[in-house]
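Given next are the chains, with one letter for each unit.
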Amino acid sequence: MATDTDIAVAAHYAAYPYPARNPADEAKRLIEGSPSRLAEIEHYLFDGRLPEPFRALVAGGGSGDATIMLAQHMADRKLAGEVVWLDLSPAARAVAEARAAARGLTNIRFVEGSLLDAEAAVGGGFDYVDCCGVLHHLAAPEAGLAALRAVLKATGGLGVMVYGAIGRRGVYDMQALGDVLAPQSLPPAERLAVGRRLFADLPPSHWLKRNPFVRDHLDGGDAGFYDLLLHARDRAYTVPEFVALATSAGLEIVSFIEPALYDPAAYLRDPKLKAKAAALPPLAQAAMAEQIAGMLTKHVAYLAPDARRPAAPDDPGLIPILRDGDGPALAGALRSGRIVAKHMGVEIAIPVPKLAPAMVRRIDGERTLGEIAEDLRQADAALNWPKFQAAFQDTFQALHRLNLIWLRRP
Ligand SMILES: C[S@@+](CC[C@H](N)C(=O)[O-])C[C@H]1O[C@@H](n2cnc3c(N)ncnc32)[C@H](O)[C@@H]1O
């Protein structure tokens, strides 16, 4: 039976489908991100080769970002299969459907219903389930994840995003104020008006005003403001809490995205502290990294029902794929001997081998590692496969820590 909170959540997404999207924008750009880029899924969950036909469920599909991205990627690759959008919100469905129509995508099935009843609503046998920004809005996230695990094939995997507790400091103080000053029984438009007045009136000492890492209330329009600060049911997870959630459904973390964000070594400079952190088990390192970083507003991870590993560069037949496509541009950036990334203002620098620019310049999404090695051997006859592989391994690890490179089996 629907509770008052269920009714408030339904009214919220009916008034403000999230995120706010205009179907006309599909003509200008494709929104891409983690989890659920097709090549990323292939790398992290399927050892570089997707099953075909490929069946994906987007649970809590909202206004359609992951659904549209996945369906478009599948269409671009002519990969047979379907993407099933499942959500409670008819208003969100209207937006997602209009986006699919604008792109002429015919590989999406839209189903209105609760992910808690996923099996009854959409059947089972999915290779992949996306659940981005939804579990933390359920009364029982464990039951939600268990319901998704139940529709997954044994060989399948999930891409999940939940909010990060430390990075969202201030959000829950503001939500608690909103519950009193703009009660959930009010219509959403009234709550929004009160919420906006309240936010404008907060002193600069409020943690939300001091937290530069959450921005949806500033950049996300009414839908973003409401979703961040006026949600009727929303919780956030520390890394250990997220791991416990996964474990409750019999799932293991294949990888956090980006991996470096969950590695204390990406932040610490003191060699003794670094060594102490590196001696911890991997999930304890991830928990520590979250505490050190302070800015992880969300946790994105790939999960599987077994101890699966991402594809590794151990075979000359593998094709390396650069997330951002442009080998020459990335090669130029590597000439300094390191790859530098900025996340929420924090600089993460990872050294790369001398050969990295020459290798990366040759990555075009089609050439295999063996072909790249052979090309490089023209300039240096001593560069046999074992030598190439050793140097490539280090380059790969550095880029992979920032989720900039994946592998695919032709
Ligand atoms: C914050 S939005 C996220 C939308 C989308 N996944 C994204 O990342 O853009 C949360 C969505 O979850 C949906 N939702 C909430 N509870 C649900 C449930 N039990 N079953 C299916 N969808 C649900 C809401 O209707 C809403 O569209």
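What counts as what
- Chains are numbered independently. Their residues run from 1 in the order of the written sequence.
- Reporting in this predicted model follows two pLDDT cut-offs: at least 70 for local features of residues, and 80 or more for side-chain atom pairs to be given and counted; totals over whole chains, interfaces and linings ignore these cut-offs and use all residues.
- Think of the side-chain values as coming from all heavy atoms in the structure, minus any hydrogens and water.
- Grouping buried Ala, Val, Leu, Ile, Met, Phe, Trp, Tyr and Cys residues that are joined through side-chain atoms within 4.5 Å yields what is termed a nonpolar core.
- Accessible area is worked out with a 1.4 Å probe on protein chains only. A residue is then buried under 20% of its type maximum, exposed over 50%, and partly exposed in between.
- Here a strand is any run of E in DSSP of at least two residues, a helix any run of H or I of at least four, and the numbering for each starts at the N terminus.
- As annotated, the domain borders come from an automatic or database domain assignment.
- A cutoff of 4 Å decides nearness: a residue is near a molecule or strand if any of its heavy atoms lies inside that distance of it.
- Nitrogen and oxygen atoms within 3.5 Å of one another constitute a polar contact, given that in protein one can donate a hydrogen and the other can accept it, and given that sequence-neighbouring residues count only through two side-chain atoms.
- Note on areas: these come from Shrake-Rupley sampling with a 1.4 Å probe, and a residue is covered only by the protein chains present in the view.
- Gly falls in the polar group here, along with every residue not listed as nonpolar (Ala, Val, Leu, Ile, Met, Phe, Trp, Tyr, Cys, Pro) or charged (Asp, Glu, Lys, Arg).
- What counts as a disulfide here is a pair of cysteine sulfur atoms lying within 2.5 Å.
- Each patch is built from residues that are more than 30% exposed by relative accessible area and take part in no salt bridge. Like charges join if they lie within 9 Å; nonpolar side chains (Val, Leu, Ile, Met, Phe, Trp, Tyr) join within 5 Å.
- Salt bridge, as used here, is a side-chain nitrogen of Lys or Arg placed within 4 Å of a carboxyl oxygen of Asp or Glu.
- Whether two residues are in contact is decided by their heavy atoms, any of which lying within 4.5 Å being enough.
- Comment: arc refers to directions from the helix axis out to C-beta atoms.
- Orientation is described by lines fitted to C-alpha atoms, with helices fitted over the stretch in contact, and by angles between N-to-C directions that extend from 0 to 180 degrees.
- Orientation is classified from the angle alone, with under 35 degrees giving roughly parallel, over 145 giving roughly antiparallel, 65 to 115 giving roughly perpendicular, and any other angle giving oblique.

S.K.: Where do I start with the nonpolar core in this structure?
M.R.: The nonpolar side chains of soluble globular proteins are, as a tendency, buried together. Counting residues in each nonpolar core, the largest one holds 74 residues, and the members touching the most others are Leu57, Phe242 and Ile339. In terms of residue count, the dominant contributor to this core is helix H18 (residues 385-401) (six residues). Two domains each put at least three residues into this core: domain 1 (21-166 + 237-304) and domain 2 (319-408). In terms of nonpolar packing, the next biggest core, distinct from the first, is built from 36 residues, Met74, Ala92, Ile321 and Trp406 among them.

S.K.: Help me out: how do you make sense of the site of the ligand in this one?
M.R.: In the vicinity of the ligand, 17 residues are found, and the nearest of them are Gly60, Asp87, Ser114, Leu115 and Cys132. Take Asp87: an N or O atom from its side chain is 2.6 Å from an oxygen atom of the ligand. The protein chains hide 93% of the 600 Å² of surface that the ligand would expose on its own. Taken together, the residues of the shell around the ligand sort by class into eight nonpolar, seven polar and two charged.

S.K.: How do you make sense of the state of the cysteines when you look at a structure like this?
M.R.: Covalent bonding between the sulfur atoms of two cysteines defines a disulfide. Across all of its chains, the model carries zero disulfides by this definition. Considering cysteine sulfurs only, Cys132 is the nearest to Cys131, which forms no disulfide, with 8.0 Å between them.

S.K.: Teacher, can you tell me more about unusual backbone geometry here?
M.R.: Cis peptide bonds are those with omega within 30 degrees of zero, and the linkage from Tyr18 to Pro19 qualifies with -15°. Looking at the element boundaries, Pro19 is found in the loop between helix H1 (4-15) and helix H2 (38-45). The phi angle at Ser36 is positive, at roughly 95°, despite the residue not being glycine. Note on Ser36: relative accessible area 0%, which makes it buried. Backbone geometry places Asn403, a non-glycine residue, at a positive phi of 60°. Among the secondary structure elements, Asn403 is positioned in the loop between H18 and strand S11 (405-408). The buried category is assigned to Asn403, whose relative accessible area is 0%.

S.K.: Help me out: how do you make sense of a nonpolar patch on the surface in this one?
M.R.: Taken together, the side chains of Leu177, Val180 and Leu181 define a hydrophobic patch exposed on the protein surface, amounting to about 270 Å² of accessible area. The partly exposed category is assigned to Leu181, whose relative accessible area is 47%.

S.K.: Teacher, can you tell me more about the side chain of Gln175 here?
M.R.: The topology assignment puts Gln175 in helix H7 (residues 171-181). Accessibility expressed as a relative area gives 7% for Gln175, which makes it buried. Among all residues touching Gln175, those that are not within four sequence positions of it are Arg168, Leu228, Leu229, His231 and Asp234.

S.K.: Please clarify how helix H12 (residues 239-248) should be interpreted in this entry.
M.R.: Taken residue by residue, H12 has Val239, Phe242, Val243, Leu245 and Ala246 as its buried positions. In a view along the axis of H12, the buried residues occupy a sector of 155°, so they form one face of it. Against the buried residues of H12 lie helix H6 (141-150), strand S5 (152-163), strand S6 (252-257), helix H14 (282-293) and strand S7 (298-304).

S.K.: Quick question: what am I supposed to make of the packing of H12 against H14 here?
M.R.: Angle between the axes and distance between the axes are the two parameters that describe a pair of packed helices. The interhelical angle for the contact between H12 and H14, taken along N-to-C directions, is 140°, at an axis separation of 8 Å. The angle between H12 and H14 places the two elements in the oblique class. Residue-level inspection shows Val239, Pro240 and Val243 of H12 in contact with H14, the latter providing Leu283, Ala286, Ala287 and Glu290. When the residues that make up the contact of H12 with H14 are grouped by side-chain class, the tally is six nonpolar, no polar and one charged.

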